[in-house]
Amino acid sequence: TLSRSIIEEITGNATKYPVFTSNSDNAFFTWTATTPYQEPWYVDFKTRDDHGISKPFVDSLKMLADPRLAVYAKPAASDGQYRGVEIGPPGNLPAIGQYSRIGVRFREAPAGFSPFMRYAEVQFILAEAALKGWSAGVTATVAYNNGITASLNENGITDATAISTYINGSKVLWAGNVKQVYMQKWLALYKDGHEAWAEER
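Every chain is numbered independently, its residues counted from 1 as its sequence is written. In keeping with the predicted nature of the model, local features appear solely for residues at pLDDT of at least 70, side-chain atom pairs appear and are counted solely at 80 or more, and the whole-chain, interface and lining totals rest on all residues. Hydrogens are left out, water is left out, and the side-chain values use all remaining heavy atoms of the structure.

A. Examining the overall build of the protein more closely. Secondary structure elements are taken from DSSP: a helix is a run of H or I of four residues or more, a strand is a run of E of two residues or more, and numbering for both begins at the N terminus. Secondary structure summary: the protein contains 10 helices and 2 strands in total. Reading the protein from its N end, one meets helices and strands in the order α-β-α-α-α-α-β-α-α-α-α-α. For 201 residues, the compact-globule estimate of 2.2 N^0.38 gives 17 Å, and the C-alpha radius of gyration of the protein, at 18 Å, lies within 12% of that figure. Evaluated residue by residue, the protein yields a buried proportion of 35% over its 201 residues. Should any heavy atoms of two residues lie within 4.5 Å, those residues are counted as being in contact. Taking as baseline every contact in the protein between residues at least 6 positions apart, the subset at least 24 positions apart corresponds to 71%. Computation of the radius of gyration draws on C-alpha atoms, with the globule rule given as 2.2 Å multiplied by the number of residues to the power 0.38. Only protein chains enter the accessibility calculation, which uses a 1.4 Å probe; a residue whose area is less than 20% of its type maximum is buried, one above 50% is exposed, and one in between is partly exposed.

B. Structural context of helix H7 (residues 140–154). The span expected for a helix works out to 1.5 Å for each residue beyond the first. A rise of 1.5 Å per residue sets the reference length of H7, with its 15 residues, at 21 Å; its end C-alpha atoms lie 21 Å apart and thus fit the reference within 8%. Those residues of H7 that sit buried are Ala140, Ala143, Tyr144, Gly147, Ile148, Ala150, Ser151, Leu152 and Glu154. A positive phi of about 85 degrees marks Gly156, the residue just after H7.

C. Highlighting the packing of H7 against helix H8 (residues 160–167). Throughout, an axis means a line fitted to C-alpha atoms (over the contacting stretch in the case of helices), and angles, computed between N-to-C directions, take values from 0 to 180 degrees. The N-to-C vectors of H7 and H8 enclose an angle of 135 degrees; their axes lie 11 Å apart at closest approach. Here H8 runs oblique to H7, going by the angle between their axes. The two elements H7 and H8 cross, and the hand of that crossing is right-handed. Here H7 contributes Asn145, Ile148, Thr149, Leu152 and Asn153 to the contact with H8, which in turn contributes Ile163, Tyr166 and Ile167. Each residue gets one label: Ala, Val, Leu, Ile, Met, Phe, Trp, Tyr, Cys and Pro are nonpolar, Asp, Glu, Lys and Arg are charged, and the others, such as Gly, are polar. Residue composition of the contact of H7 with H8, by class: 5 nonpolar, 3 polar and no charged. Our angle categories are set so that under 35 degrees counts as roughly parallel, over 145 as roughly antiparallel, 65 to 115 as roughly perpendicular, and the remainder as oblique. Helix crossings get a hand from a simple test, with the near helix turned counterclockwise from the far one by less than a right angle marking a left-handed crossing and a clockwise turn marking a right-handed one.

D. Representation of the nonpolar core. Residues belong to a common nonpolar core when they are buried Ala, Val, Leu, Ile, Met, Phe, Trp, Tyr or Cys residues joined through side-chain atoms within 4.5 Å. Counting 38 residues, the largest nonpolar core has Tyr144 and Ile148 as the members making the most contacts within it. For this core, the secondary-structure elements that each account for two or more residues are helix H3 (55–63), helix H4 (69–72), helix H6 (119–131), H7, H8 and helix H9 (178–188). It is H6 that contributes the most residues to this core, 7 residues altogether. Non-local contacts of Ile148, meaning those with residues more than four positions away in its chain, are made with Phe124, Tyr166, Ile167, Val172 and Gln184.

E. Region of the structure containing the environment of Asp44. Topologically, Asp44 is positioned in helix H2 (residues 40–47). Residue class for Asp44 comes out partly exposed when judged on its relative accessible area of 23%. The spatial distance from the C-alpha of Asp44 to the C-alpha of Glu108 is 9.5 Å, given a sequence separation of 64 residues. In contact with Asp44, other than residues within four places in its own chain, are His51 and Arg107.

F. Region of interest: the pattern of salt bridges. Salt bridge criterion: a side-chain nitrogen from Lys or Arg within 4 Å of a carboxyl oxygen from Asp or Glu. Following the criterion strictly, the structure yields 15 salt bridges and no others. With its nearest N and O atoms 3.1 Å apart, the salt bridge here joins Glu39 to Lys191. A residue pair is termed long-range when its members are at least 10 positions apart, and Glu39 in the loop between strand E1 (27–30) and H2 and Lys191 in the loop between H9 and helix H10 (193–200) qualify at 152 residues. The burial state of Glu39 is the same as that of Lys191; both residues are buried. Salt-bridge contacts for Arg105 lead to Glu154; the nearest nitrogen and oxygen are separated by 3.2 Å.

G. Local environment of the side chain of Ser100. Within the secondary structure, Ser100 sits in the loop between H4 and helix H5 (104–107). Pairs of N or O atoms within 3.5 Å make up the polar contacts considered here, provided that, within protein, one atom can donate a hydrogen while the other can accept it, and that residues adjacent in sequence are counted only when both atoms are side-chain atoms. Here Lys74 takes part through its backbone oxygen, which lies 2.8 Å from a polar atom of the side chain of Ser100. Contacts of Ser100, omitting those with residues within four sequence positions, involve His51, Gly52, Ile53, Ala73, Lys74, Pro75, Ala76, Gln81, Tyr82 and Arg83.

H. Representation of the packing of H3 against H9 within the structure. Orientation of H3 relative to H9, taken along the N-to-C sense of each, is 115 degrees, at an axis distance of 11 Å. The handedness of the crossing between H3 and H9 is left-handed. Contact residues: Pro56, Phe57, Ser60 and Leu61 in H3; Met183, Trp186 and Leu187 in H9. When the residues that make up the contact of H3 with H9 are grouped by side-chain class, the tally is 6 nonpolar, 1 polar and no charged.

I. Spotlight on the packing of aromatic side chains. Side-chain rings of Phe, Tyr and Trp (the six-membered ring for Trp) are treated as a pair once their centres are within 6.5 Å; stacked means planes under 30 degrees apart, edge-to-face means over 60, and tilted covers the remaining angles. Under the criterion given, the structure shown has 10 aromatic pairs. Look at Phe57 and Tyr190: their rings are 5.1 Å apart centre to centre, the planes differ by 15 degrees, and that puts the pair in the stacked class. Of this pair, Phe57 sits in helix H3 while Tyr190 sits in the loop between H9 and H10, and the two are 133 residues apart along the sequence. Comparing Phe57 with Tyr190 shows no difference in burial state: the two are buried. A ring pair is formed by Phe106 and Tyr190, whose centres lie 4.7 Å apart and whose planes are at 75 degrees; its orientation type is edge-to-face. Taken together, the positions of Phe106 in helix H5 and Tyr190 in the loop between H9 and H10 put the pair 84 residues apart, joining distant regions of the chain. Here the two residues Phe106 and Tyr190 agree in accessibility, since each one is buried. Through a chain of ring-to-ring contacts, the aromatic side chains of Phe28, Phe57, Tyr72, Phe106, Phe113, Trp186 and Tyr190 assemble into a single cluster. Charge over a ring is defined by NZ of Lys or CZ of Arg lying within 6 Å of the ring centre and within 35 degrees of the ring normal. Positioned above the aromatic ring of Trp41 is the side chain of Lys191, whose terminal nitrogen or guanidinium carbon lies 5.3 Å from the ring centre. The ring centre of Phe113 lies 4.5 Å from the NZ or CZ of Lys191, which sits over that ring.

Structure representation (structure tokens):
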């Protein structure tokens, strides 16, 4: 009840409570690239290369035929395939060459970014609100599709045909299921792991 009242107060008065309207509003902290103010994942990358993308994340992207996979991750050095690392495997650590590393956009830019909030995240919040029957100022379908499009655009996927093919694919096409919102929100939150964990929790 409290959540609904707050969401509807915001969506009911755009002048008093403006919300993100495009990716240009994304709240990113951009690093200067000069030492010591370099993006932390880049600083880590300078001295070590033993971080891989998780298996659940890669498997989800592959299952959806998601075009962000090639942005979020690099193919495994061993065979050029996208393969995630099992989280907390028993026994010896895996041979990192068999697994996908973090994508260039997210780990190899000294003037990279640390995300706080995205336009896509706002759209998924509104999609869930509309699905619950709250006054969100937009339908769940439109907000869901807007969120996906915003995330794809943010990651350099701007071809209208590619976006339409993804959104209208059988595994992504809006079917009124809140789990679809959660899945796409999780994928869009890449590099904002604290928020993704808070959402899951």
